[in-house]
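Each chain is listed here by its residues.
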Amino acid sequence: MAEEIVWTYASQVVLEGTGASIAVNGFQAADLSELTWRSDIHSNYPWADFALRIDFQAAVDGNSFINLYRQDVEIDGDNDAPAPAATYTYKFVGSFPIISGVGGASSPNYYSLTDIPIKYAQQFWIENKASQAVDHSWSLKATPKTYMPAPK
Amino acid sequence: MSDEVIWTYASQVTLEDSGASGASDVFIAANDDTLESGVHSNFPLADFVLKADFGAAVAAGSVVNLYRQDLNIDSTNDAPAPATTYKHLFVGSFVIPTGTSATGYYPLTDVPLVADQQFSIENKTDQNISAGWDLKATPKTYEPAA
């Protein structure tokens, strides 16, 4: 078989390497300066798979999660859309469900969120909807993906 | 690698440049330009940007809705224009932050296009949208990478 649609992946991009701690209900940008995420980095691939490495300062309750938001930037000249915040929970693109009871002295866990639409230029933010503060040194990485015809 | 699917974008089009003010619940057409095939090159989707400010701070849950009116659908006959009594075809909302009154830029992405259309906004904030609002669209499509 040949030319059937298959996934192809670009290199994984580090959007945040060592994020600061985040209070419950707090927002924080994945804002490594060079990674306001433009087409020269994601090659105009239409989707991305995200990986969040994270730990908490104490054990979290059940139904804890981390929300991911996309802030579109440079949408009209150099002007950006408003940054996500507690009073502007937009644009929500998905959630990382957190294992109940993790946190404190435990090691970080890695969580997956796949098939997120991306556009020309954007920055991503996380919102801590767990019951405990996020520990420092969280990271957020993204792997751009698209379709291509399988080789003949 | 080549032939993988990537986004490609056409030039941004100004559909309304300095629109008139509109009260809450009012529809206003972005009628400086229609989005027809000669403009959007038959690209199937577009990313929209609304630049707007409001007469006073808006309440929580405020949005500006976007509607598409399909034009020339049977020869030169158009579909009905969107209005308070004809809320069709709704294609999405620009979400306005609570308490905003100053100028902001709001995105709405991946809106489907047809051959020929005009867009209208519906002010679903509780304040007047000020004169001078803009609506722009960037047509987009997929192409094989070089």
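The paragraphs below set out a description of the structure included in this document. Quantities reported herein were computed from a predicted structural model and do not represent experimental measurements. (Residues numbered from 1 in each chain as written. Chains lettered and ligands numbered in written order. Predicted model: local features only at pLDDT ≥ 70, side-chain atom pairs only at ≥ 80, totals over all residues.)

Comments concerning the overall build of chain A
Next up, step 1: Secondary structure assignment for chain A yields 1 helix and 10 strands.
Next up, step 2: For chain A, the sequential pattern of α-helices and β-strands runs β-β-β-β-α-β-β-β-β-β-β.
Next up, step 3: Against the globule reference of 15 Å for 152 residues, chain A gives a C-alpha radius of gyration of 16 Å, in line with a compact fold.
Next up, step 4: Expressed as lengths along the three principal axes of its C-alpha atoms, the size of chain A is roughly 50 × 40 × 25 Å.
Next up, step 5: Burial statistics for chain A: of 152 residues in total, 34% are counted as buried.
Next up, step 6: Partitioning the intrachain contacts of chain A with sequence separation of at least 6 by distance along the chain shows that 83% fall at a separation of at least 24. (Helix = DSSP H or I, 4+ residues; strand = E, 2+ residues; numbered from the N terminus. Rg over C-alpha atoms; globule rule 2.2 N^0.38 Å. Buried ≥ 20, exposed ≤ 12 C-beta atoms within 10 Å, placed from the backbone. Contact = placed C-beta atoms within 7 Å.)

As for the interface of chain A and chain B
Next up, step 1: Each partner contributes residues to the interface: chain A has 22 residues there, and chain B has 22 residues.
Next up, step 2: It is strand β10 (residues 138-149) of chain A that contributes the most residues to the side of chain A that touches chain B, 4 residues altogether.
Next up, step 3: By residue class, the composition of the side of chain A that touches chain B is 12 nonpolar, 6 polar and 4 charged. (Nonpolar A, V, L, I, M, F, W, Y, C, P; charged D, E, K, R; others polar.)

Digging into the pairing of strand β8 (residues 116-124) of chain B
All names here are of chain B.
Next up, step 1: Of all the 9 residues making up β8, 7 are buried; the element is thus mostly covered by neighbouring parts of the structure.
Next up, step 2: Two strands pair when backbone bridges link them, and strand β3 (residues 27-36) and β8 are joined in this way by 6 bridges, in the antiparallel orientation. Looking at the pairing, Phe27 lines up with Glu122 of β8.
Next up, step 3: Sheet topology note: the strand β5 (residues 63-70)/β8 ladder contains 8 bridges and is antiparallel. Paired with Asp70 across the bridge in β8 is Gln117. (Pairing = 2+ DSSP bridges.)

Some details on the nonpolar core
Next up, step 1: Ranked by size, the top nonpolar core spans 28 residues in total, and within it B:Phe48, B:Leu50, B:Leu66, B:Phe94, B:Tyr106 and B:Leu135 carry the most contacts.
Next up, step 2: At the level of secondary structure, the elements contributing two or more residues to this core comprise β3, β4 (45-52), β5, β7 (104-112), β8 and β9 (133-144) of chain B.
Next up, step 3: With 5 residues, β4(B) is the single largest residue contributor to this core.
Next up, step 4: Aside from chain neighbours lying at most four places away, what touches B:Phe94 is B:Leu50, B:Val63, B:Val64, B:Leu66, B:Tyr106 and B:Leu108.
Next up, step 5: Formed by 24 residues, the second largest nonpolar core is a distinct cluster that contains A:Val60, A:Ile98, A:Leu113 and A:Ala142. (Core = buried A, V, L, I, M, F, W, Y, C linked by C-beta atoms within 7 Å.)

Topic: the environment of B:Arg68
Residue and element names in this part refer to chain B.
Next up, step 1: With respect to the secondary-structure elements, Arg68 resides in strand β5.
Next up, step 2: Put simply, Arg68 and Phe119 are 51 residues apart on the chain and 4.7 Å apart in space, counted from C-alpha to C-alpha.
Next up, step 3: Those residues in contact with Arg68, other than ones at most four positions away along the chain, are Leu89, Val91, Gln117 and Phe119.

The quantities given are spatial measurements derived from coordinates; they are silent on function.
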